[in-house]
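# Structural overview
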Amino acid sequence: MASIAVLGYGVVGTGIANLINKNKERFKSITGEELNISSILVKDKNKHEQKQNYHLVTDSIEKIFNNPVDIVVEVMGGLHPAYEYVKKALKLKKHVVTANKDLIAEYGEELLDIASDNGVTLNFEASVGGGIPILKPLMESLAGNKIFEIQAILNGTTNFILSKMYAENMGYKDALKLAQNLGFAEANPDSDVLGYDAARKLSILSTIAYGMKVNWVDINIEGITDIDEIDFEYAKLNGYIIKLLAISKNKDEKIYGFVKPVMIKSDSYLSKIDNELNGIVIEGDAVGNVFFSGKGAGMLPTASSVFGDIADIIQNKNKKNIKFNDKEAYIEKYWDEKSDWLVRIKTNDRLNTICNLSESFKNCHMYTSSVTQRDEVAAIIRNEPEFTLDSTFEKLSKLSYVTKIKKFMIL
Ligand code: HSE
């Protein structure tokens, strides 16, 4: 019998308890092993009185560590005390499964070393892409590839918000509230909407894919809080969709990574990824492009990945030790490739702003459509690297009549 302690009984913890109970018989008939939840750690027992597994609920971490537990499932989220509990569990030679991207992005290297030193496994499939199997395919099935590039939608909450704003003209706040009610958003949704959650997930994927430590804080990060309905109108005029993309590339062992809202063409892989779905395109030298998609957030999709990690531990007991390479990646702020851009400049002097843009960029098409605001110049700039754009905009932003500049990469 495999005894499992679950740390956390929120949305994901509840999903795991349900999925384990539902699959007990089938799992036993396939593997011969019985899964048994021995305890569930919560902060406040009173809040869980009405729950099905209340008899398993405890508020004492010591009680969990003092009992014979084989696998600790950490789904509390946040860095502390999750870090301390996971570290202690590994040192006590208990296998750990976690869905916690903050924890893995911050302490993954250290915790994987501790797991390895203690001959136990730390699995974290649910930390990236929710229910999508992505880390195992990346580490195992794609092991014969040098990975060049990752292009992904990695945050269900922001993808849900942008999808609702695009398709149903829903306001940002209403869409965020709906995502929170559906259980996609983090306890503090700032980390979703400011792009941090996607950046942490991108850093985990990139660290595995490129075999060097990609720190999430070194990634260029921009969230979705500044996106308004006019951005969507410009996007629609050109047949583009706005998505919060997480992209990293490895060129000559230099890494470039960003998380930002991008206008993507409707024929791209990721344009069809709506609502809480996540999508990940991985480019390898042998395989070419492979595309993964599925639900990136929510109770049962996340529980599905956690269950898979538990099954993996039971079936491969002590056979697997994942490690992160401790070599730090050199992260480029600007990539050398050229792109097309949509820019919106708030200005009190449209004429001079148009002249300025035309002089600065060889290939610049001004918008003249009804979308264009009276105090704004909008344009498509073709085939320029981001560095050129940013240095021109830095000068432009110092002009007295320019009040705000917004730019979207077009992919
Ligand atoms: N808040 C996260 C998201 C949950 O919306 O993607 C899954 O990691």
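The name an unreviewed UniProt entry gives the chain is Homoserine dehydrogenase, with Clostridium aciditolerans as the organism. Here is the UniProt Sequence similarities (unreviewed entry) comment for the chain, exactly as written: "Belongs to the homoserine dehydrogenase family." UniProt annotates the chain under Catalytic activity (unreviewed entry) with the comment "L-homoserine + NADP(+) = L-aspartate 4-semialdehyde + NADPH + H(+)".

Turning to the packing of helix 6 (residues 156-168) against helix 7 (residues 172-181), a few remarks are in order. The N-to-C vectors of helix 6 and helix 7 enclose an angle of 135°; their axes lie 9 Å apart at closest approach. Relative to helix 7, the element helix 6 is oriented oblique. In the crossing of helix 6 with helix 7, the sense of the turn from one axis to the other is right-handed. Contact residues: helix 6 offers Thr-157, Phe-160, Ile-161, Lys-164 and Met-165, while helix 7 offers Tyr-172, Ala-175, Leu-176, Leu-178 and Ala-179. The residue makeup of the contact of helix 6 with helix 7, split by class, is eight nonpolar, one polar and one charged.

Moving on, we come to the UniProt feature "active site" (unreviewed entry) in the chain. Here the UniProt-annotated "active site" (unreviewed entry) positions come out as Lys-201. Residue placement: Lys-201 occurs in helix 9 (residues 196-210). Not counting the four nearest positions on each side in its chain, Lys-201 is found in contact with Lys-101, Ser-127, Val-128, Leu-154 and Asn-155.

Another point: the site of the ligand. Taken together, Lys-101, Asn-155, Gly-156, Thr-157, Phe-184, Ala-185, Glu-186, Asp-192, Asp-197, Lys-201, Gly-296 and Ala-297 make up all the residues around the ligand. The contact in question runs from an oxygen atom of the ligand to an N or O atom on the backbone of Gly-156, over 2.8 Å. Side-chain polar atom of Lys-201 to an oxygen atom of the ligand: 2.8 Å apart, as the coordinates give it. Against a free-state accessible area of 250 Å², the protein chains account for coverage of 92% of the ligand. Listing elements by their share of the shell around the ligand, those giving two or more residues are helix 6 and helix 9.

Conventions used here
Residues numbered from 1 in each chain as written. Predicted model: local features only at pLDDT ≥ 70, side-chain atom pairs only at ≥ 80, totals over all residues. Heavy atoms only, no water. UniProt positions renumbered as here; feature names shortened; annotations may be inferred. Axes fitted to C-alpha atoms, helices over the stretch in contact; angles between N-to-C directions. Helix = DSSP H or I, 4+ residues; strand = E, 2+ residues; numbered from the N terminus. Parallel < 35°, antiparallel > 145°, perpendicular 65-115°, else oblique. Left-handed = near helix turned anticlockwise from the far one by under 90°. Contact = heavy atoms within 4.5 Å. Nonpolar A, V, L, I, M, F, W, Y, C, P; charged D, E, K, R; others polar. Near = heavy atom within 4 Å. Polar contact = N/O pair within 3.5 Å; in protein donor to acceptor, adjacent residues only side chain to side chain. Areas by Shrake-Rupley, 256 points an atom, 1.4 Å probe, with all protein chains shown as cover.

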